[in-house]
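So the chains spell out like this:
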Amino acid sequence: MNAASTETPAIEVDAACLWPAGAILGEGPVWHHGEEKLYWTDIKGSRLLAYCPASDAREEWPLPCRVASIGIPGADWTPPPELAGTPLLACGDAGLMWLGLRGQNVATIPIADPEAHLPENRFNDGKIGPDGRYWAGTMHDPETQATGSLYAFTPDGEASLLDTGYRVTNGPAFSPDGRTVYHNDSALQTIYAFDLSPGGTLANKRVFHQFGPGDGYPDGMTTDRAGNLWVAMWAGARVEKISPQGVRLGHVTVPTPHVTSCAFQGDDETVLYVTSAKIGLEAPDSFAGALFRIRLA
């Protein structure tokens, strides 16, 4: 376990505001290779958003329920034949589902909801892992009980319960070789690491990094090819860079407190997109809920 230190060096690059979208709770950025655009979601605003860097085009769709994370389906995921338009995977109030984007219309087709019996829980952060499964965590929506869990869904809709006892789940993220899984309990300011077996189960749960007073709360995160974690810090106004050994290497300042998640522009690790939220701020600033771009080179 590595102890927190508030004296991490600043990485001297700017977080440029691309889109002052005013997201209540922006989350889940994911790069779509085929369309060359970034999808992200406003959980509390029930919106899906997309940004195309080549044209600076911005799109948004109203959603029929809260969606917390988005996945770009790979070859193992076959959209149902009745789904029209651009197919996406999503996790939210109705569990794992298909989204079909056609013009301004969004169709939804449920896949699986392993916590339909827990009305105070909802899915939070998630993404498709290197094993092809959709990994997603649940949380207690009032954030007072540790009823959240981590699941992984196969393309046939089977949900495996991998870990439990979370208050606010965030992540996950994966080492470049796919053998290590990182997952957060944001409420505890803790990043955990697990070993991922070839059979798809988790073992050797350990504290990877423990943050402390004044650090903020680890939220959504991603990894680079060197195995470093890039962690959005809620109430921290920054993105932290942490080595594979759990050492904080530095941070990029973001001009709004509630930084929620981050994702690279596909294989281009010189461009990092960052989401944020305006919920919970006594006086939201002009950047709260915006989408940012950090150029690392």
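Residues numbered from 1 in each chain as written. Predicted model: local features only at pLDDT ≥ 70, side-chain atom pairs only at ≥ 80, totals over all residues. Heavy atoms only, no water.

Q: Give me the overall build of the protein chain: which residues, what numbers.
A: The secondary structure content of the protein chain amounts to zero helices and 24 strands. Each of the three principal axes of the protein chain carries a C-alpha extent, and together these read 55 × 45 × 35 Å. The buried share of the protein chain, taken over its 297 residues, is 55%. Within the protein chain, contacts between residues at least 6 apart in sequence are counted, and of these 47% link residues at least 24 apart. (Helix = DSSP H or I, 4+ residues; strand = E, 2+ residues; numbered from the N terminus. Buried < 20%, exposed > 50% of the residue type's maximum accessible area, 1.4 Å probe, protein only. Contact = heavy atoms within 4.5 Å.)

Q: Quick rundown of the side chain of Asp 163? Include the residues and the values.
A: Following the sequence through the fold, Asp 163 ends up in strand E13 (residues 159-166). A distance of 2.6 Å separates a polar atom in the side chain of Asp 163 from a polar atom in the side chain of Tyr 166. A distance of 2.9 Å separates polar atoms of two side chains, one belonging to Asp 163 and the other to Lys 205. Discounting residues that sit within four places of it in the chain, Asp 163 has contacts with Ser 149, Leu 150, Phe 194 and Lys 205. (Polar contact = N/O pair within 3.5 Å; in protein donor to acceptor, adjacent residues only side chain to side chain.)

Q: Could you give an account of the environment of Ala 235, with specific residues and numbers?
A: Its place among the elements puts Ala 235 in the loop between strand E19 (229-234) and strand E20 (238-242). Ala 235 gets classed as partly exposed once you look at its relative accessible area, which sits at 39%. Distance from Ala 235 to Pro 218, taken between C-alpha atoms, is 9.2 Å for residues 17 residues apart in sequence. Ignoring any residue separated from it by four or fewer positions in sequence, one finds Ala 235 in contact with Gly 216, Tyr 217, Pro 257 and His 258.

Q: Got a sec to walk through the sheet that holds strand E2 (residues 26-32)? Specific residues and values, please.
A: Within the open sheet, the four strands sit side by side as E2-E3-E4-E5. Their pairing is antiparallel. Each having just a single partner strand, E2 and strand E5 (57-62) make up the two edges of the open sheet. Between one strand axis and the next, the sheet turns by 20 degrees as a mean value, whatever way the strands run. In the sheet, strand E4 (residues 47-52) pairs with E5 via six bridges, with the strands oriented antiparallel. When the bridges of E5 are listed, Cys 52 appears paired with Ala 57. (Pairing = 2+ DSSP bridges. Axes fitted to C-alpha atoms, helices over the stretch in contact; angles between N-to-C directions.)

Q: Kindly report on the sheet that holds strand E1 (residues 15-19), identifying the contributing residues and their values.
A: Ordered in space as E1-E24-E23-E22, the four strands form an open sheet in which the pairing is antiparallel. Single-partner strands in this sheet number two, and they are E1 and strand E22 (259-265). For this sheet the average axis-to-axis angle between neighbouring strands, irrespective of direction, equals 30 degrees. Looking at chain direction, E22 and strand E23 (residues 268-276) are connected through six bridges and run antiparallel.

Q: Could you give an account of empty space enclosed by the protein, naming the residues involved and the relevant values?
A: The method is simple in principle: a probe with the dimensions of a water molecule rolls over the atoms, and the space it marks as empty is what remains. All chains considered together, the criterion is met by one cavity of 30 Å³ or more. Looking at the largest cavity, the residues that line it are Gly 28, Pro 29, Val 30, Ile 70, Asp 125, Gly 126, Lys 127, Met 221 and Ser 261. The set of elements that each furnish at least two residues to the lining of the largest cavity consists of E2 and strand E10 (121-128). Looking at the lining of the largest cavity residue by residue, the class counts come to four nonpolar, three polar and two charged. (1 Å grid on protein atoms, 1.4 Å probe; cavity = no way out; pocket = protein on both sides within 12 Å on 5 of 7 lines; lining within 4 Å. Points joined across faces, edges and corners; volume = space filled by probe spheres on them. Nonpolar A, V, L, I, M, F, W, Y, C, P; charged D, E, K, R; others polar.)

Q: Tell me about the layout of surface pockets, and please be specific about residues and values.
A: Taken as a whole, the largest pocket holds about 790 Å³ of empty space. Lining the largest pocket are 26 residues, and of these His 33, Lys 127, Ile 128, Thr 222 and Gly 266 sit closest to its centre. Counting residues per element, the ones that place at least two in the lining of the largest pocket are E2, strand E6 (67-71), E10, strand E14 (169-174), strand E18 (217-223) and E22. In this model, the second largest pocket occupies a volume close to 350 Å³. Lining the second largest pocket are 19 residues, and of these Met 139, Glu 143, Val 168, Asp 219 and Trp 234 sit closest to its centre.

Q: A description of the confidence of the model for the protein chain should follow, citing residues and the corresponding values.
A: With 98% of its residues at a pLDDT of 70 or more, the protein chain shows a mean pLDDT of 95. Long-range and interchain partners of residues 1-5, a stretch whose pLDDT sits below 50, account for 18 contacts in this model, where long-range means more than four residues apart. (pLDDT = per-residue confidence, 0-100.)

Q: Pulling in residues and values, what's your account of the pattern of salt bridges?
A: The final tally for this structure, using the stated rule, is 16 salt bridges. For the salt bridge of Arg 122 with Asp 141, the shortest nitrogen-to-oxygen distance reads 2.9 Å. Separated by 19 residues along the polypeptide, Arg 122 in strand E10 and Asp 141 in the loop between strand E11 (134-140) and strand E12 (148-153) bring together distant segments of the chain. The exposure class of Asp 141 is partly exposed, given its relative accessible area of 24%. Its salt-bridge partner being Asp 131, residue Arg 133 comes within 2.9 Å of it at the nearest N-O pair. (Salt bridge = Lys/Arg side-chain N within 4 Å of Asp/Glu carboxyl O.)

Q: Summarise the pairing of E10; cite the residues concerned and give the values.
A: Put simply, side chains in a regular strand alternate between the two faces of the sheet. Among the eight residues of E10, six are classified as buried, and the element is accordingly described as predominantly covered. Examined bridge by bridge, E10 and E11 share six bridges and lie antiparallel to one another. Residue Ile 128 lies in a different strand from E11, and its bridge partner there is Tyr 134. Counted between consecutive antiparallel strands, the loop separating E10 from E11 contains five residues, among which Gly 132 sits at a positive phi close to 90 degrees.

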